[in-house]
Amino acid sequence: MVWNVKDIDLDPIDSKKPKAVKKGKKKQPELSAEEEAWNRLSLGAPPPLPQTLDPSADGSKKRKRTKLNIEDVHEFAWSEVQNPSSLLLTSDDAGGFVCLEELSDVDVEYEGTEATGQIIKFKKVTPKKKSKAIKSEQKLGPANPEKPLSIEETKEYYDLDTFNENIANKQKAEGLDVEGEGDQDTEMQDSIDIDGQNEENVAPVSADVEEQSEQPEAKLSAKERKKKEKLEKAKEKRKAAKEAAKARKLIAQTEQAEAEQEDDGEEDEVKSNRPSVSEVDQDFDTSKWDQFKLHEDIVNGLKYHKFGTPTPIQEKTLPLATEGRDIIGAAETGSGKTLAFGIPIAQYIASLENEDDKHKLAALILTPTRELAIQVKNHIQNITCFMDIRTIAVVGGMSAQKQIRQLRQKPNIIVATPGRLWELFSETDEHLNSLKQIKFLVLDEADRMIEGGHFQEVDEILRVIQQDRKENKPQAEDEAETEPEVEVESNIPKLQTLVFTATLSNSLRFDVKKRKVGKKSKGKAIAGSMEDLVERLELKNKDPAIVDITTSTAVASKLVEAKIDCLNTEKDVFLYYFVTRYPGRTIVFVNSIDSIRRLVPVSKLLGMEVIGLHAQMQQKQRLKNLDKFKANDKAILVASDVAARGLDIPLVEHVIHYQIPRSGEIYVHRSGRTARANQDGVSLMLCSPEELSLYKKLVHRLRKGEPYPDFPVDYSIQREMKKRVELATKIDKQEHRLQKISHDDDWMKRMANDLDIEYDEDVHSTKRQKRKHSEDDDEEEKIRQKIRGWKGELKHMCAQPLLPHGASMKYITGSTMQDLVQRLLNEDRNEKLPGSAISKAVDDVKSKAKNKKKAQTA
Ligand SMILES: Nc1ncnc2c1ncn2[C@@H]1O[C@H](COP(=O)(O)OP(=O)(O)OP(=O)(O)O)[C@@H](O)[C@H]1O
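Residues numbered from 1 in each chain as written. Predicted model: local features only at pLDDT ≥ 70, side-chain atom pairs only at ≥ 80, totals over all residues. Heavy atoms only, no water.

Engineer: What am I meant to see in the sheet that holds strand E10 (residues 440–443) here?
Structural biologist: Neighbouring strands of a sheet are bound in pairs by backbone hydrogen bonds; such pairs are parallel or else antiparallel. Strand order in the open sheet formed by seven strands is E8-E9-E7-E10-E11-E6-E12, and the pairing between neighbours is parallel. Pairing within the sheet leaves two strands with one partner each, and these edge strands are strand E8 (391–394) and strand E12 (545–548). Ignoring strand direction, the axes of neighbouring strands in this sheet form an average angle of 15 degrees. Both strand E6 (residues 327–330) and E12 contribute to a ladder of four bridges, which runs parallel. Each bridged residue has a counterpart across the sheet, and for Ile327 the counterpart in E12 is Ala545. Helix-sheet contacts for helix H11 (residues 370–383) involve strand E7 (363–366), E8 and strand E9 (413–416), and the interaxial angle to E8 is about 180 degrees. (Pairing = 2+ DSSP bridges. Helix = DSSP H or I, 4+ residues; strand = E, 2+ residues; numbered from the N terminus. Axes fitted to C-alpha atoms, helices over the stretch in contact; angles between N-to-C directions. Contact = heavy atoms within 4.5 Å.)

Written as structure tokens, this is what we have:
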């Protein structure tokens, strides 16, 4: 038995701090036996009692003193405890303290009651039969407080986070036998099984009890009975701990089973959603793909998704990728870059003959955002729907446990964000080794990858991927640049690196071309730049194929661009105008999350079908909102630049830059969410005077100085719209105020709720707080009333059709607009703007530009 001072429930004998005893020194004559015992058992004063138990806390009751009676204290088996280095005691600052000692084979006896005064006796015990625990303890040597507990030692404790008292009690009531179970599931055993060898961990005196319990009850002395009771209690405790562990194990097993079922469910869903080859329209013409000699299953995938013709970037990169070249590819947004790297990867996996290789990780695709990773994974899964290829996404914000389970199932392709990938892979050698053997490394939206704090993880991942290949390289680096590469005999496939972006910077073009002619530029690139990334990739053959089919404007060829000059305070009105006049799926990009937090509620008040998306949202919410947006062709997504890259949402008609983007790249990517896959689309900037310098930079960088055309606006309905927007803004401000007032109170209530405490204002608030609360309540009620009134007013306003200023629905006559009557009588008219023509934003910008040209030539 190891004595721990915390185990002694002892009334302090003397408040005077006993002096420490120097080992080996002569016993101090003035110390009582009790004091000496304390010196031996603790560093200083005895441990304080909890307030509720400490009689001195309540002056009225004076408990009799407890006395220590220690016989033959020097005969006890004291053994030295290693001085924990964390105490950092030197002989000077230890105040005479030299060492800690622990005590074995000592029993404690209590004589008397609390009322009459107690005597505690420490008695040396010679166990009749040494328990296994003692043996194991002796084997362990002196106690070492710094050493973490072994798994066996920790098994007696249960984890508060997972322990469920209800289940434990239920099991207890049902009399579940916990003995001897739990050794089946070795995985679970590690953490919670307390059976088997843990029996050894019981206190040595239990041996006594077991023996004594066989003695007839009558023969036992009072002392022995007490001892027996105590030990039975300990036994009960152990049993309860076992039951708790059993319950915990059951919970964990259920959770694991549920999680696995969920995974299987998803897996089954993916499989059951897979079409069968019989569903493929074999008459669909895919002859334009024939030149690439694609595997039959890939061709079926192309047929099934009706991809009859490769896009230009696919056409250029596929033969190069099949040749084994590294590629730096740049093409406009929405031009099909995903399949430009997805098809070569699928083709490679389809060509593998060795059964083992078929279950190895073949490709790692890194993307800068989670949504993009999931989208790329889906896109690849679609095209490989007739193949036995396992593609998974490893992204932050989603269950890491689930991703770990998916990794165990040996995926062929991983699409990942660098942060989460590194977090999971750096944990085990198994994962790191799989990375070292990949065939393809793809960096999608590569320029973005090196921004936003990803760089360090990307760097680590590159280091692991390249590590073993470097060791296998027979040539010096300089030679490798000029001489043809020699194939190395190795199990590791030659790495192919594919880098894709929609915006290839001029400097990178230049830099990569320099490499092509064999000049070394190492060390010149700015750390964290795209050039630096390409340098770090250490492209295998130093002769990457550059496929650059971006245009000088860098935007999609069918994109129509325009701008509206307005004051900052007018932006909401113009936004309201645009989405009312041109209903259709629209993304509104803003530069700050605060703008989203304001714009979403204001737009909702105005009756717009608006959804928010930003990086501070929970990942599940982000994906849910994206799905909502995809499902509604009139929805408006107000988003930060987290949605700017790569997202492929079908039929986004308009992109509005509520604030001017801070760089040309961001402008190109934001605008690239529309006009995808050869569709039309509009990109509209709302430009305030404060943003003029940013605007000019865009004009200079992307349009060679030619300004963006003005968007045609019908100002005749703006006055009415302004009233609505102002009222909605007023309501929103008051709602914020309301939230602020009730925030403190809510906070208290929330905390109480979290802690499962009933919140009672009388108990939890001071007088001043109560007065303030009641004042707040009055104010809150006043604001609420105001808001109710304004909301009614706004609802009424928004229900009215908006007519040009001066026109009336009651007296349909001609007005400022020539064909107003005709429009009002038109059955297909825009319900909200019955006076406006039905036209598309794309066409209005184009016809305005045409008219302008005409006027200039006339
Ligand atoms: N050969 C094809 N024929 C028809 N549609 C295609 C073809 N290849 C890809 N697409 C479709 O084109 C759309 C855009 O593709 P993808 O998302 O790969 O573009 P991207 O170039 O990666 O765009 P971004 O630069 O914005 O990420 C997708 O909806 C995809 O299904």
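Engineer: What is the right way to read the state of the cysteines from this model?
Structural biologist: A disulfide bridge is the covalent bond that connects two cysteines by way of their sulfur atoms. Taken as a whole, this structure holds zero disulfides when the rule is applied. Looking at the unpaired Cys566, the closest cysteine sulfur is the one in Cys687, lying at 7.7 Å. Note on Cys566: relative accessible area 6%, which makes it buried. (Disulfide = S-S within 2.5 Å. Buried < 20%, exposed > 50% of the residue type's maximum accessible area, 1.4 Å probe, protein only.)

Engineer: Quick question: what am I supposed to make of the site of the ligand here?
Structural biologist: Near the ligand there are 20 residues, and of these Gly334, Lys337, Thr338, Asp648 and Arg676 occur at the shortest range. At a separation of 2.9 Å, a nitrogen atom of the ligand approaches a polar side-chain atom of Gln314. In this structure, Glu445 approaches the ligand through a side-chain N or O atom, which is 3.1 Å from an oxygen atom. Computed on the free molecule, the ligand has an accessible area of 640 Å², of which 88% lies beneath the protein chains in the complex. Here the shell around the ligand is built from residues that sort into four nonpolar, ten polar and six charged. (Near = heavy atom within 4 Å. Polar contact = N/O pair within 3.5 Å; in protein donor to acceptor, adjacent residues only side chain to side chain. Areas by Shrake-Rupley, 256 points an atom, 1.4 Å probe, with all protein chains shown as cover. Nonpolar A, V, L, I, M, F, W, Y, C, P; charged D, E, K, R; others polar.)

Engineer: When you look at the packing of aromatic side chains in this model, what are you seeing that I'm missing?
Structural biologist: By convention here, two paired aromatic rings are described through the distance between centres and the angle between planes. Summed over the entire model, instances satisfying the criterion amount to ten aromatic pairs. Judged by centre distance (5.3 Å) and plane angle (55 degrees), the rings of Phe578 and Phe711 are tilted. Placement of Phe578 in helix H20 (residues 571–581) and of Phe711 in the loop between helix H24 (692–703) and helix H25 (718–754) is noted, with a sequence separation of 133 residues between them. The exposure classification of Phe578 matches that of Phe711, with both residues buried. The structure contains a cluster of three or more aromatic residues connected by ring pairs, namely Phe578, Tyr582 and Phe711. Positioned over the ring face of Tyr708 is Arg703, at 4.5 Å from the centre of the ring. (Phe/Tyr/Trp six-rings, centres within 6.5 Å; stacked < 30°, edge-to-face > 60°. Lys NZ or Arg CZ within 6 Å of the ring centre and 35° of its normal.)

Engineer: I tried to follow the UniProt feature "domain: DEAD-box RNA helicase Q" (unreviewed entry) in the chain on my own but got confused; where do I start?
Structural biologist: Feature annotation in UniProt places "domain: DEAD-box RNA helicase Q" (unreviewed entry) on residues 287–315, given in this structure's numbering. End C-alpha atoms of residues 287–315 are separated by 13 Å, and the span's content is 45% helix alongside 0% strand. (UniProt positions renumbered as here; feature names shortened; annotations may be inferred.)

Engineer: What is the right way to read the packing of helix H10 (residues 337–351) against H11 from this model?
Structural biologist: What describes two packed helices is the angle between their axes and the distance between those same axes. Remark: H10 packs on H11, axes separated minimally by 10 Å, with the N-to-C direction vectors making an angle of 55 degrees. Judged by the inter-axis angle, H10 sits oblique to H11. Here H10 runs over H11; the crossing is right-handed. Across from Thr338, Leu339, Phe341 and Gly342 in H10, the residues of H11 making contact are Val376, His379, Ile380 and Ile383. (Parallel < 35°, antiparallel > 145°, perpendicular 65-115°, else oblique. Left-handed = near helix turned anticlockwise from the far one by under 90°.)

Engineer: Help me understand unusual backbone geometry, please; the structure alone is not making it clear to me.
Structural biologist: For residues besides glycine, phi is generally negative; the peptide bonds are generally trans as well. Unusually for a residue other than glycine, Lys410 sits at a positive phi of about 55 degrees. On the basis of relative accessible area, Lys410 is assigned to the partly exposed category, the value being 42%. Even without glycine at this site, Asn678 takes up a positive phi of about 70 degrees. Tracing the backbone shows Asn678 in the loop between helix H23 (664–671) and strand E18 (681–687). For Asn678, a relative accessible area of 61% puts it in the exposed group.

Engineer: Please explain the confidence of the model for the chain as it appears in this structure.
Structural biologist: Any segment with low pLDDT has predicted coordinates that should not be analysed in fine detail. Scored by pLDDT, the chain comes out at a mean of 73, with 59% of its residues at no less than 70. Every residue in residues 37–63 is under pLDDT 50, and counting partners more than four places away or in other chains gives 40 contacts. Confidence over residues 84–97 falls short of pLDDT 50; this stretch has twelve contacts with residues more than four positions distant or in other chains. Reported confidences for the modelled complex are a pTM of 0.60 and an ipTM of 0.98. (pLDDT = per-residue confidence, 0-100.)

Engineer: Quick question: what am I supposed to make of the pairing of strand E17 (residues 654–657) here?
Structural biologist: Note on strand geometry: in a regular strand, side chains alternate between the two faces of the sheet. Every second residue of E17 is oriented toward a common face, with His654 and Ile656 on one face and Val655 and His657 on the other, all of them buried. Bridge count between strand E14 (residues 586–589) and E17: four bridges; the pairing is parallel. Pairing of Phe589 across the sheet is with His657, part of E17. Here four bridges tie E17 to E18, and the two strands are oriented parallel to one another. When the bridges of E18 are listed, His654 appears paired with Val682.

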